[in-house]
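The primary structure of each chain is shown beneath.
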There are 2 protein chains.
Amino acid sequence: MAYNPAPLERLIEQFARFNGIGRKGAARLAYQVLKMEASQAQAFADAIRDAHAKVHRCSICQSFTDAQICPICSDNGRDPSTILVVESPQDVSAFERTREYKGRYHVLHGLISPVEGITADQLAIRELLARLQDGSVKEVIMATNPTVEGEATALYLSKIIKPLGVRTTRLASGLPVGSNLEYADEVTLFRALSGRGEL
Amino acid sequence: MAYNPAPLERLIEQFARFNGIGRKGAARLAYQVLKMEASQAQAFADAIRDAHAKVHRCSICQSFTDAQICPICSDNGRDPSTILVVESPQDVSAFERTREYKGRYHVLHGLISPVEGITADQLAIRELLARLQDGSVKEVIMATNPTVEGEATALYLSKIIKPLGVRTTRLASGLPVGSNLEYADEVTLFRALSGRGEL
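Quick look at the structure, then.

How each quantity is defined
- Residues numbered from 1 in each chain as written.
- Chains lettered and ligands numbered in written order.
- Predicted model: local features only at pLDDT ≥ 70, side-chain atom pairs only at ≥ 80, totals over all residues.
- Heavy atoms only, no water.
- Core = buried A, V, L, I, M, F, W, Y, C linked by side-chain atoms within 4.5 Å.
- Buried < 20%, exposed > 50% of the residue type's maximum accessible area, 1.4 Å probe, protein only.
- Helix = DSSP H or I, 4+ residues; strand = E, 2+ residues; numbered from the N terminus.
- Contact = heavy atoms within 4.5 Å.
- Least-squares fit on C-alpha atoms with pLDDT ≥ 70 in both.
- Patch = residues over 30% accessible without salt bridge, like charges linked within 9 Å, V, L, I, M, F, W, Y side chains within 5 Å.
- Areas by Shrake-Rupley, 256 points an atom, 1.4 Å probe, with all protein chains shown as cover.
- Salt bridge = Lys/Arg side-chain N within 4 Å of Asp/Glu carboxyl O.
- Buried area = accessible area lost by both parts, 1.4 Å probe.
- Polar contact = N/O pair within 3.5 Å; in protein donor to acceptor, adjacent residues only side chain to side chain.
- Nonpolar A, V, L, I, M, F, W, Y, C, P; charged D, E, K, R; others polar.

**Topic: the nonpolar core**
Across soluble globular proteins, nonpolar side chains show a tendency to be buried alongside one another.
Here comes step 1: Counting 44 residues, the largest nonpolar core has Phe15(A), Phe44(A), Phe15(B) and Phe44(B) as its most contacted members.
Here comes step 2: Listed by contribution, the elements that provide at least two residues to this core are helix H1 (6-16), helix H2 (23-35) and helix H3 (38-54) of chain A together with helix H1 (6-16), helix H2 (23-35) and helix H3 (38-54) of chain B.
Here comes step 3: Apart from residues lying up to four places away in sequence, Phe15(B) is in contact with Phe15(A), Phe18(A), Phe44(A), Ile21(B), Ala26(B), Leu29(B), Ala30(B), Val33(B) and Phe44(B).

Written out as C-alpha cells, the structure reads:
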C-alpha cells in the first residue's frame, strides 16, 4: 500500500496504533478525514490535543476529570463511607448510568495480569489504601470484571484491605437480565445457583 | 454518560462522527488518546491536520495525492491508453497490490445511488470524459463493485463512453479464489457459469 501519499500514510499509521483498529479500518477512517470539511478536521485535531492536555486523573478517585477533583468526589451528597473499585473510568460511567449507586469510586487503571506483565504496583492501589487510612470508609465493593484478571485483582485487594477492618464485598455473578438459561455457560449457571437469594 | 469531563466528551463525539464507530467504540478510542504520551497525542492531531491540508485529488485521475499530479499519472511507464474506473482511492491501492495492472486509473469518488440521493453529477465523471477527448484512450475498464450501485454506475458510464468509440469492459464476476462452491450465492454461481472460459 506504498501508493498512498505520505501525509495520508502517516494518518493511517496513527489510526492503526489504536487497539481494535486494523490496517484496513485505519485506512477507512483516514479517508473519512480527507473527506471532512477543513473546519471539521481542525475540530477533530483540536479535540485530541484538548482532551489530552486538560483531562487527567482525579487526585482522589483516579478517574478522569478536567478539574483537580472530579464531580463525584467533590459531591457532598455522595456517601463517603462506600468505595466501589473499578478497572477503568468507563466503568464509572457504566455504574453512573444505573442511577442507583450513591457512594464514591476508585479507578485502578488496569487489572493484575501476569500474562500481560501488569503487576499490582502499576495500578492505583496505593491511592486506594491512602483513602482507607482515616477510618471513614466502611465498605469497599470490588467491581472488577468477572474474568480471571478481575477476580485475581479483587482477591488480591481484599487480602490487603480486610486487615484494615474495612468490609470488602464483590459484585454478584449470575444470569444477565433478559438472557436465556439455555445459552448460559456452566460457570455462570453455577454462580447464579450458589448465589441464589430468597424470593 | 454526562459524567465525562467536557473535553473528553467532545473527543468522544468527534470519534463517534466516523462511519463504523459507535458511541461505545468512540469512548474506547478517546480513552486510548488520554493514555497516550503527550508527544503521541500531538503527533496524531498533527497527522490529521497535515493529511487534510496536504492531500487532495490528482488533477488527472482524481485519486488522492500530495502533489499536483499523482505518481501513477506522472509515471510514463504506465500505459495511457487504458483507464480503470473505480469508486474510491482505496480501490486504486487494492489494484496496485496485485502488481498486475499497468494502465492508469480514474476515481469516481462514489457510485450513483438513488437510495442515498447520489446522482451522476456528484461523481468525477466530467473529469473522466475530458480524458477521453483526445482519442488516446482505447479502453475503459469498469471496476466498480459488483453491487446494485456499482453495476448501475458501470452501465451508465458505458452508455456515455461507447458512443465516443472507446472500448468499455467490466471486471469479471465469479467465484472468489479459495472459496467454496457450496457457500456461493445463486447470482455469483450464475455469473461464474455464464462467464466460463476455455481451459
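**Comments concerning unusual backbone geometry**
Residue and element names in this part refer to chain A.
Here comes step 1: In this structure, Gln62 takes a positive phi of about 75 degrees despite not being glycine.
Here comes step 2: Considering the arrangement of structural elements, one finds Gln62 in the loop between strand E1 (56-57) and strand E2 (64-65).
Here comes step 3: With relative accessibility at 7%, the residue Gln62 sits in the buried group.
Here comes step 4: Positioned with a positive phi, Arg99 is a non-glycine residue whose angle comes to about 55 degrees.
Here comes step 5: The residue Arg99 is located in the loop between helix H4 (89-98) and strand E4 (103-107) in this model.

**Quick notes on the relation of the copies chain B and chain A**
Here comes step 1: With an axial shift of 0.0 Å and an RMSD of 0.1 Å, the rotation relating chain B to chain A amounts to 180 degrees. Taken together, the rotation and translation relating the two chain copies correspond to the operation of a two-fold axis. In terms of proximity to the rotation axis, the leading residue of chain B is Ala45(B), whose C-alpha is 2.2 Å off the axis.

**Remarks on a nonpolar patch on the surface**
All names here are of chain A.
Here comes step 1: A cluster of nonpolar side chains, contributed by Leu175, Leu181 and Leu189, occupies part of the molecular surface with about 250 Å² of accessible area.
Here comes step 2: Looking at the element boundaries, Leu181 is found in the loop between strand E6 (167-170) and helix H7 (186-194).
Here comes step 3: For Leu181, a relative accessible area of 55% gives the class exposed.

**A closer look at the interface of chain B and chain A**
Here comes step 1: Contact residues are listed per partner, giving 51 residues for chain B and 51 residues for chain A.
Here comes step 2: Here chain B and chain A share an interface that buries about 4900 Å² over both sides, 69% of which is from carbon and sulfur atoms.
Here comes step 3: The largest contributions to the chain B side of the interface with chain A come from Tyr3(B), Phe18(B) and His52(B), which together make up 16% of the buried area.
Here comes step 4: In this structure, Asp50(A) and Arg10(B) form a salt bridge, with 3.2 Å as the shortest nitrogen-oxygen distance.
Here comes step 5: Our count for the chain B to chain A interface comes out at 10 residue pairs in polar contact (both at pLDDT 80 or more).
Here comes step 6: When residues of the side of chain B that touches chain A are traced back to their parent elements, those giving at least two are H1, H2, H3, strand E2 (64-65) and helix H4 (89-98) of chain B.
Here comes step 7: No other element matches H3(B), which puts 14 residues into the side of chain B that touches chain A.
Here comes step 8: Broken down by class, the residue content of the side of chain B that touches chain A amounts to 30 nonpolar, 11 polar and 10 charged.

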